[in-house]
Amino acid sequence: MIDYETYCRIKDALQRQQLNYTQAAQALGLHRQTVAAWGQREQYRARRQARRASRLDPFKRQIVAWLEAHRLSAMQIVQRLRSSGYQGGVTIVRDYVRQVRPPAREAFLTLSFAPGEAAQVDWGEYGTIAVGSTRRRLSFFVMVLCHSRMMYVEFFVSQQMEHFLSAHLNAFAAFGGCPRRVIVDNLKSAVLQRLVGATPVFNPRYADFARHCGFGITACSVGKGNEKGRVERGVGYVKANLLNGLELTSLAALQARGQQWLAEVANVRVHGATHRVPQEVFAQEDQPALHPLNPRPYDVARPASVRASRQFRVVLETNKYSVSAQHAGQLVTLKAYPDRVCIYCREQLVARHLRSYDRHQDIEDPEHPRALLAQRKSAREQRLMQRFLALSPQAAAYHEGLQARRTNARDHVRRIVALAEIHGDRAVQRALVDGLAFQAFSAEYVANMLEMRLRELPEPAALQLTRRSDLLDMELPEPDLSRYDKADNDNEDGADEV
């Protein structure tokens, strides 16, 4: 049996391409008789397959009657059929029961809430966003006031506790108050354990936050996301209306776009369930019923006890943050906020950095290594002076001369020590002695002395005595010294005249 597409290809090969049966069969990969049989047909007709009789056919009316009278399971139906002489299998019975009795759909009640009574919160996720040199999963927090459907949205690249609590505070600040209770799903930031029939075990940090703000916590039942359907639909609305087709350039730009979308679209539209504008209902009914905010700020940071490395760094999510060099190797307390990282040692703030959501970054405060650099510089100066004084017993006196004559005595000391490494201590010691004798205090003088002593002078030639007799017998006249006596007398006369 061939399909309609193959039939059309056979007709095309025979009629348009003018191929014979054999050529068409080779081109289409079919048997020649198949091509000949279908090529002679004027139109395509699928062959009807004869329905095979089933062993369940004689019992189908009885099964329908049992199901109409009682809600029996498939296994109960099989047990009753066995006693009636059924010899077939179990699978065919299950398929037929599923066909004649489709699964019943669960019915839900529409919940109603008084103004200011409750808010529902949830996280949503949508792709990734570029952060520095990496990409992070984009998460967004949604809070919906149950009565007015007023919505708040905030975007993050993490769902840690500090982001969860900070988003609550920002939402309460945007609403200008706090509802009497907050309905949450069974996420670990809010509920640690949720067993059927048992009281939920709330996260102690979230419970403390709820007491501070003045709201109660209501956890949905296990597998009952419909109990917070308002925020579930809100998450879907954010994805479909705001994020769908939006270019995710940066988190800051997305944050601003989200606030604009709330003010111009989400909270000013006519809501599909209430047929009212959420912002108007909020201003008239919800906002006056909200609790006032607690004037005392709540510390939303996530604390952790960590040990600073020998490079005076602490690690948070693959990123390294610096502390003062004096705290290297010490146990410190790191507090992670959504926007910053604070590090404490014995309840004293020792470092504060902007939090980075990039990966494998090294964030250093320029002030932190300065004490260590100054200490190392002082140690280098001490080692340099020790090395210079060890060159010669006269090195101390020569250093005093350098300080008196030169403004950059340290530089001259460093260069003289370097010359000692090249020419040796004894050569430099001799140059220092000469420098003290001639009151020449500089590294240039020492270098010049060393260079001159290394300079090779030409060896003197051998003394050659002549053996010529005429030169040996030569007699020279005595020199006339009277002119010098006359010059001396003239000088004495001139002095008397003066």
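These numbers come from a predicted model, not from an experiment. (Residues numbered from 1 in each chain as written. Predicted model: local features only at pLDDT ≥ 70, side-chain atom pairs only at ≥ 80, totals over all residues. Heavy atoms only, no water.)

(A) Representation of the overall build of the protein within the structure. Counting its regular elements, the protein contains 18 helices and 14 strands. Per-residue burial over the protein gives 37% buried out of 498 residues. Long-range contacts, defined as pairs at least 24 residues apart, comprise 59% of the intrachain contacts of the protein with a sequence gap of at least 6. Within the structure as shown, the protein displays about 31500 Å² of accessible surface, and the carbon and sulfur contribution to it stands at 50%. (Helix = DSSP H or I, 4+ residues; strand = E, 2+ residues; numbered from the N terminus. Buried < 20%, exposed > 50% of the residue type's maximum accessible area, 1.4 Å probe, protein only. Contact = heavy atoms within 4.5 Å. Areas by Shrake-Rupley, 256 points an atom, 1.4 Å probe, with all protein chains shown as cover.)

(B) Layout of the packing of helix 1 (residues 4-16) against helix 2 (residues 21-28). Across the interface, helix 1 lies against helix 2 with an axial gap of 10 Å and an inter-helix angle of 135 degrees. The angle between helix 1 and helix 2 falls in the class oblique. Considering how the two elements wind past one another, helix 1 and helix 2 form a crossing that is right-handed. Facing R9, I10, A13 and L14 of helix 1, the residues of helix 2 in contact are Y21, A24 and L28. For the contact of helix 1 with helix 2, the class distribution of residues is six nonpolar, no polar and one charged. (Axes fitted to C-alpha atoms, helices over the stretch in contact; angles between N-to-C directions. Parallel < 35°, antiparallel > 145°, perpendicular 65-115°, else oblique. Left-handed = near helix turned anticlockwise from the far one by under 90°. Nonpolar A, V, L, I, M, F, W, Y, C, P; charged D, E, K, R; others polar.)

(C) A look at the pattern of salt bridges. Going through the model one piece at a time under the given rule, you end up with 23 salt bridges. Of the charged contacts in the structure, one is a salt bridge between E285 and R276, with a shortest N-O distance of 2.8 Å. Its relative accessible area of 26% is what places E285 among the partly exposed residues. Exposure remark for R276: the relative accessible area of 37% places this residue in the partly exposed category. Between R340 and D339 there is a salt bridge, with its nearest N and O atoms 3.1 Å apart. On the basis of relative accessibility, which here comes to 22%, the residue R340 falls in the partly exposed class. Linked through salt bridges whose partners overlap, the residues forming this network are D122, D185, K228 and E232. (Salt bridge = Lys/Arg side-chain N within 4 Å of Asp/Glu carboxyl O.)

(D) Quick peek at unusual backbone geometry. Positive phi outside glycine occurs at R149, with the angle close to 65 degrees. Residue position: R149 is located in the loop between strand 2 (134-145) and strand 3 (151-156). You will see that H360, though not glycine, has its phi angle at about 55 degrees, which is positive. The residue H360 is located in the loop between strand 13 (348-354) and strand 14 (362-363) in this model.

(E) Region of interest: the state of the cysteines. Applying the stated criterion across every chain, the model contains zero disulfides. We note that C178 lacks a disulfide partner, and the nearest cysteine sulfur, in C213, lies 5.7 Å from it. (Disulfide = S-S within 2.5 Å.)

(F) Representation of the packing of helix 13 (residues 395-405) against helix 14 (residues 409-423) in the model. Two elements in contact, helix 13 and helix 14, have axes whose closest approach is 8 Å; the angle formed by their N-to-C orientations is 140 degrees. In terms of axis orientation, helix 13 runs oblique to helix 14. Contact with helix 13, carried on its side by Y398, H399, L402 and Q403, involves A409, H412, V413 and I416 of helix 14 and no other residues of that element.

(G) Representation of the sheet that holds strand 7 (residues 216-219). Read across the sheet, five strands follow the order 3-2-1-4-7 without closing on themselves; strand pairing throughout is mixed. What marks the edges here is a single partner per strand, and that holds for strand 3 and strand 7. Pairs of neighbouring strands in the sheet enclose a mean axial angle of 30 degrees, with direction left out of account. Pairing between strand 4 (residues 181-184) and strand 7: four bridges, direction parallel. If you follow V184 over to strand 7, its bridge partner there is A219. (Pairing = 2+ DSSP bridges.)

(H) Highlighting the sheet that holds strand 13. Here four strands make up an open sheet; going across it, the order is 8-11-12-13 and the pairing antiparallel. Of all the strands in the sheet, the pair left with one neighbour each is strand 8 (302-307) and strand 13. In this sheet, adjacent strand axes meet at a mean angle of 25 degrees when their direction is disregarded. Strand direction decides the pairing type here: strand 8 and strand 11 (residues 331-336), joined by six bridges, are antiparallel. Note on strand 11: the bridge partner recorded for P303 is K335.

(I) Expanded view of the pairing of strand 1 (residues 118-131). In the sheet, strand 1 pairs with strand 4 via three bridges, with the strands oriented parallel. Among the inter-strand pairings, A118 is bridged to a residue of strand 4, identified as R181. Note: strand 1 against strand 2, eleven bridges, orientation antiparallel. From the neighbouring strand, E125 faces strand 2, where its bridge partner is S139. Linking strand 1 to strand 2, which pair antiparallel, is a turn of two residues; within it G132 sits at a positive phi near 65 degrees.

(J) Spotlight on the nonpolar core. Core analysis: the biggest nonpolar cluster contains 35 residues, and F141, F164, Y206 and F215 have the highest contact counts within it. If you list the elements that add at least two residues to this core, you get strand 1, strand 2, strand 3, helix 7 (161-175), strand 4, helix 8 (204-213) and strand 7. Among residues more than four places away in sequence, those in contact with F164 are V121, W123, F141, L187, S189, A190 and Y206. (Core = buried A, V, L, I, M, F, W, Y, C linked by side-chain atoms within 4.5 Å.)

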